[in-house]
Amino acid sequence: MARPGDPKFLARAGYRRRRMADAARLVPLIGAVLMLVPVLWPGTETRTSGAMIYVFVTWAGLIAVIGAMSRPLGRMMRDPDPGAEPAPAGDED
Amino acid sequence: MSFDVLVTLCLAYVLLLFAVAFWADKRAARGRMGWIRSPAVYTLSLSIYCTAWTFYGAVGYAARSGMEFVTIYLGPTLVMVGWWTVLRRLVRIGRIQRITSVADLISSRYGKSNLLGVLVTVLAVVGTTPYIALQLQSVTLSFDVFAGGGVRADGDSLTQTALFIAGGLAIFTIVFGTRNLDANERHHGVVTAIAVEAVVKLVALLAVGIFVVFVAGGGAGATLEAIDASEISEWHAGPARWMTMIFLSGAAFLCLPRMFQVMVVENSDERHLAIASWAFPLYLFLMSLFVVPIAVVGLDVLPEGANPDLFVLTIPLAYDRDALAMLAFLGGFSSATSMVIVAAIALSTMVSNHIVMPIWLNARKGGATVSGDVRTVVIQARRLSIAGVLALGYLYYVFSGGGTALAAIGLISFTGLAQVLPAMLGGIFWRGATRAGAAAGLSAGFAIWLWTSFLPSFGEAGLLSASVFTDGPFGLSLLRPQALFGIEGLDPVVHSVLWSLLVNAVIFCLVSVLTFPTPVERLQGAAFVNVFRYSEGAPGWTGSAVEAEDLLMMSQRLLGTAEAQLLFEGEAAGQGKSGYIPDVTPAFLEKLERKLAGSVGAATAHAMLLQITGGVSVTVEDLMKVADEAQQILEYSSQLEAKSQELGRTARQLKEANDKLVALSVQKDGFLSQISHELRTPMTSIRSFSEILMHGETMTPEERQRYSSIIHDETIRLTRLLDDLLDLSVLENGQVTLNEADWTLEAILDRAVAATERAGPGPAMTIDRDRAGERTRIRTDGDRLAQVFINLIANAQKYCDADAPRLRIVVRERQGRPVVDFMDNGSGIPQKAQAVIFEKFARVSDHRAAGGAGLGLAICREVMHRLGGGIAYLPGQGGAAFRVTLPRRQAEAA
C-alpha cells in the first residue's frame, strides 16, 4: 500500500508541526528578552526618542513574526496531528 | 462648542450603541452569526483592555514618566504573542469546562470550591471598584472640559454627571447583559457594541495623534526632535519598575475579570486566537504609537499646570479643532463605557453565581419544594449585582474625591487582580496544585495587597494614619505598608507587587505540596492540565458504540415523544434513511446535545450523552455541573411532576371508567339473564297454572280461585316490570312531560310515606321526619318527585337489615339548593357497589326477596335528572343514605 516515500513525508509534516509549536512557545520568550533590553541602558545617556524607536520597531517585528505564524498555527488547531504522533510530553504534563 | 451639542451627540452615540447591540442580539437569536462571531469582532472586543486609563491616562503617564507607559501594553502583547502556551489552554479549558468567570475557573479547578469562588469574587469586586470609579472620573472630567470651557465646574455638578453616567451604564448593561441565561454566557449584543466602541477609540486616538505629529508638530522628524528637547527627553525608567510593569500588566491581562470575560467566556472559536495573536498587539501598538508625541506637544503648548491626563482632549481644543476634540471625547467615552459594561457583567456573573445563589439555595433548603422561578432569581440577582457594582464605583468616586492621578488607581487595581495568577497558572499547568494551597496563597496575597497598596492609596490622611506609614502599625516597623520587613527605597508599586505575588506564589506552592487534594480536586486537576489530551481539536463525539435507540429513548423522556421523534426522523431523513433511527454521527450527537441542553442545561445534557455514549472523559465536573444546574433540572422536574400528576389523574379517571365499563358489561349479561328470568318466571307459572285450569274439570272452585289469582298476580308483576321498563325508556328518551306545580316537601313526603305504609313484611320501619325543614316550598312535578321518594323509602324498607329499622329524612340546604337526605341505620351499600346502584338491573345483593327488578334507582336517577336535580349515594352515614338534590328554588315571589 505505501510507497517508500509516503511515511517519510507524513513524518516530516508532523515534525514540522511540532517545531512550529516549539517556535510559538519561543516567540514570547524572545519578545520578553528584547523588551527587557532597555533595562540595561544607562539612564543618563539614553534619549527617549531612541528608546521609542527601539520599542516600536521591536514591537512591530514581534507582531510580524507571530502574524506570519498565525496561519499555520490556526491550521494546526483545525486539523490536529495528521501524523498521529503522540503529543510531546513537555506540552501536556 | 456648546455643552448641549455635546450632550446631544453623546446621547445619539449611546442610542447608536443600543441599536447595534439590539441588532446583533436579534441576529444572533436568529442564528445568523456571520461576522458577529468573526475573529475581527473577537480581537476588537479584547480592546476593552484599553480603558479610559489608556485613552487619557497613557498620555498623562507619558508626560510624567516618559516611555514607561508602554510597559502597560507590552505585557499583554507578550501574553498574546505567547497565546499557544497559555491562552489556547485557558480558552480550551473555558469551553470544555463551561467556565463562566475567572472565579468559576479557580473554584472549578480546585474541586468546585465555593470558598475560592467567594474569595476571588471579593478580590475582583474590591479590585475593580476603584477602576470603575476611575472610568466615571475620566468621563466626568472630559465633560467638564467642554462644559466649563476650561473653568472647572463645581463639585456637585460633576458628581451629578457621574451619577447620570453610572445610571445610564447600569441600564445598558442590565438590558443587554442579562437578556439570556445561557449556559455559555455569551452576550453577542454587548460584544458587538464593544467592537464598535473599539473602532471609535482607535480612530479617535489615531486622529489626535496624526494631528499632533503632522499638523501641530510639523512631521515625524520634527516631532522626534521635539521629544528630545522636552522635559521627558531623558530615559529614566528604573529597571525594577520597567520589569515589574511588564510582568504586572501581563498578569492583569490574564486575570482581570473583564478580560477573562471577553477572552475566554465570550470566545466562540479557539482559532480566533490565532488571528488575535497578532491583531491585538497591533491594536495596542497603534494605541501607543502617538502617546509620547501627544504628551510632548501638550507639555509644550498648554499652560503650566494643565492636567496631562486630559491632553488628548485639550490639545485639539487649544488648536480650536472642535470636531477633532469631539471625536476624542467620543473615544474617551467609548473607552470608559465599554470597560464598565463588561466589568459589570463579569462581576455580576461572579457575584450572583458564587455569593447570591449559594445563599439563596441555602436559605431555601428548608422547603423541599422548588418552584420553577430559579431562572428569574438568577437573572434578578445579576441585575441587582450590576446595579450594585456600578453603585460601588460611583460611591468610591464620590468619596475618593476623584483626585488621584489615573495611572495610580489603575496600577493598584492591576496588582490586586494579579493575585489570582499563581492559582490560575498553577491550576492549568500543575496537577499538584491543591485547594488549600490556592486558598492560602490567594488570602495571603490579598492581605498583603490590601496593606501595601489598597489602603495606602487613600493617602496619609485616609484610612491609614501618617504614623503607620513611618513607624508601622503599633510601632512594628517591620510591617510598614511601603517598606515591609524593613526593605526601604523600593518604588511602592514594585514593593507591593513583589511582596504580594512572591508571598502568594510561595505559600501557594508550599501548601500545595504539603496538603493532599480531595478526589474531586485531583480529577479536576487532571482534566485541566491534560485538557489537550482528551480533546485535541473540537471535542467531538466518538460514538462508535452508541445505540441510537437508547438515545431516542432518553430524548423522548426529555423532549417529549413527538419532538424527539421529529428530530430523529429529520436526522434520519437527512442521512437518506427512513424510519426513526439515524446513524449516530458525531455531528448528530452534538446537535442532540445542544437540543437537550435547551431542556436540562448544557452540563446535564453533556453528562447524559456521555453516559449513553460511554465517552471516555466523564469528569466529575460534568457530574458536579449536574448538581450545579439543579435549578434547571428542578424547574424542569416540577413541570414534569405537574404533567405526571395530570397523567395520574387522567389514568385514575380512565381506570374508574374502565371499572365501571367492566361492571356494566357484567351487568349487561346480568340484565339479559335477569330480564329473561324476570319474564320467564311469571310466564312459566302463568302457563302451568293456565294449563291446569284448562285441563282441570275436576277442580274445586277454591282451587280454581287460587290458581287464577296466582295467574293474576303474576300478570300484575309482569305488567309492573314492563311498566317500569317503559317508564325508564320514556324518561331516558326525554319524552316525558312534567306537570309542574307549587308544592311543599311535606306534602310530597306525606304522600310517599303513606304510599309505602301498607307494604312491608318484617319489622315495621320507624320514619323520623323533619317537619320544620319540610316546609320548604318548591316548584316541581309532585307526582314524579313522590315516585322517587316512594322508591327510596321502599328500598329502605326492603334492604335495611337493622333489627329496629329506622329511616331519617332530613331536609337541608346545600349551595342554595334544597336537598333531602334519606338515611337508614342498616349496613349500607358496599363501596364497590356504590358506583353501579343507579344502573339498570343493579341489585346489591342477589336476594330477590324484595322482588324488585333493580330498575327503581335507575328510574329515580332519570326522574331527578328530568326535574333538574339529582340523586347520589351519600357514603359514610352509618347506613345506606341517599341524597336527593332539588333544583334551585325559583324566586318565591314568582
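A quick note: this is a predicted structure, and the numbers were derived from the prediction, not measured.

Rules and cut-offs
- Residues numbered from 1 in each chain as written.
- Chains lettered and ligands numbered in written order.
- Predicted model: local features only at pLDDT ≥ 70, side-chain atom pairs only at ≥ 80, totals over all residues.
- Heavy atoms only, no water.
- Helix = DSSP H or I, 4+ residues; strand = E, 2+ residues; numbered from the N terminus.
- Contact = heavy atoms within 4.5 Å.
- Axes fitted to C-alpha atoms, helices over the stretch in contact; angles between N-to-C directions.
- Parallel < 35°, antiparallel > 145°, perpendicular 65-115°, else oblique.
- Left-handed = near helix turned anticlockwise from the far one by under 90°.
- Nonpolar A, V, L, I, M, F, W, Y, C, P; charged D, E, K, R; others polar.
- Buried area = accessible area lost by both parts, 1.4 Å probe.
- Salt bridge = Lys/Arg side-chain N within 4 Å of Asp/Glu carboxyl O.
- Polar contact = N/O pair within 3.5 Å; in protein donor to acceptor, adjacent residues only side chain to side chain.
- Buried < 20%, exposed > 50% of the residue type's maximum accessible area, 1.4 Å probe, protein only.
- UniProt positions renumbered as here; feature names shortened; annotations may be inferred.
- Core = buried A, V, L, I, M, F, W, Y, C linked by side-chain atoms within 4.5 Å.
- Pairing = 2+ DSSP bridges.

### Here we look at the environment of Met243(B)
Thinking step 1. As for its placement among the helices and strands, Met243(B) is situated in helix α11 (residues 239-255).
Thinking step 2. Taking the C-alpha atoms as reference, Met243(B) lies 9.5 Å from Gly75(B); in sequence the two are 168 residues apart.
Thinking step 3. Residues contacting Met243(B), with those up to four places away along its chain left out, are Leu36(A) and Val39(A).

### With respect to the packing of helix α2 (residues 48-78) of chain A against helix α4 (residues 71-81) of chain B
Thinking step 1. Relative to each other, α2(A) and α4(B) sit at 20°, their axes nearing to 11 Å. Taken together, α2(A) and α4(B) sit at an angle that is classed as roughly parallel. When you trace α2(A) past α4(B), the crossing you get is left-handed. On the side of α2(A), the interface is formed by Val55(A), Trp59(A), Leu62(A) and Ile66(A), while α4(B) contributes Tyr73(B), Leu74(B), Thr77(B), Leu78(B) and Val81(B).
Thinking step 2. For the contact of α2(A) with α4(B), the residue count by class is 8 nonpolar, 1 polar and no charged.

### Details of the interface of chain A and chain B
Thinking step 1. Tallying the contact residues gives 39 residues for chain A and 44 residues for chain B.
Thinking step 2. Both faces combined, the contact of chain A with chain B buries some 3,900 Å², and carbon together with sulfur accounts for 72% of it.
Thinking step 3. For the interface between chain A and chain B, the tally reads 0 salt bridges.
Thinking step 4. Viewed at the interface, chain B and chain A are joined by 3 residue pairs in polar contact (both at pLDDT 80 or more).

### With respect to the pattern of salt bridges
All names here are of chain B.
Thinking step 1. Counted under the stated rule, the structure contains 20 salt bridges over all chains.
Thinking step 2. Across the pair Asp750 and Arg769 runs a salt bridge, and its minimum N-O distance is 2.8 Å. Of this pair, Asp750 sits in helix α32 (residues 745-757) while Arg769 is found in the loop between β4 (766-768) and β5 (777-781), placing the two residues 19 residues apart along the sequence.
Thinking step 3. What makes Asp750 partly exposed here is its relative accessible area of 32%.
Thinking step 4. Connected through shared salt-bridge partners, Glu746, Asp750, Arg769, Arg771 and Glu774 make up one network.

### Overview of the UniProt feature "transmembrane region" (unreviewed entry) in chain A
Thinking step 1. The feature "transmembrane region" (unreviewed entry), as given by UniProt, occupies residues 26-44 and 50-69 of chain A in the numbering adopted here.
Thinking step 2. Along residues 50-69 of chain A one finds 100% helix and 0% strand; the C-alpha atoms at either end are 29 Å apart.

### A few points about the nonpolar core
One broad trend across soluble globular proteins is that nonpolar side chains are buried collectively.
Thinking step 1. Core analysis: the biggest nonpolar cluster contains 182 residues, and Trp59(A), Tyr49(B), Phe69(B), Leu254(B) and Met424(B) have the highest contact counts within it.
Thinking step 2. The element best represented in this core is helix α16 (residues 322-363) of chain B, accounting for 18 residues.
Thinking step 3. For Met424(B), the residues in contact, after removing those within four places along its chain, are Leu90(B), Val102(B), Leu105(B), Ile106(B), Leu254(B), Cys255(B) and Phe260(B).
Thinking step 4. Among the nonpolar cores identified, the runner-up in size contains 43 residues, and Leu785(B), Ala786(B), Phe822(B) and Leu886(B) belong to it.

### Side note on the sheet that holds strand β7 (residues 817-824) of chain B
Hydrogen bonds along the backbone pair up the strands of a sheet, which may run parallel or antiparallel.
All names here are of chain B.
Thinking step 1. Taken together, 5 strands build an open sheet; the order of strands is β4-β6-β7-β9-β8 and the sheet is mixed. Two strands close off the open sheet at either side, each with one partner strand: β4 and β8 (870-873). Neighbour-to-neighbour, the strand axes of the sheet open up by a mean angle of 20°, direction not taken into account.
Thinking step 2. When β8 meets strand β9 (residues 881-885), the two strands line up antiparallel, connected through 4 bridges. Pairing of Ala872 across the sheet is with Arg883, part of β9.
Thinking step 3. In the packing of helix α33 (residues 782-799) onto the sheet, contacts are made with β4, β6 (806-814), β7, β8 and β9, and the angle to β7 comes to roughly 20°.

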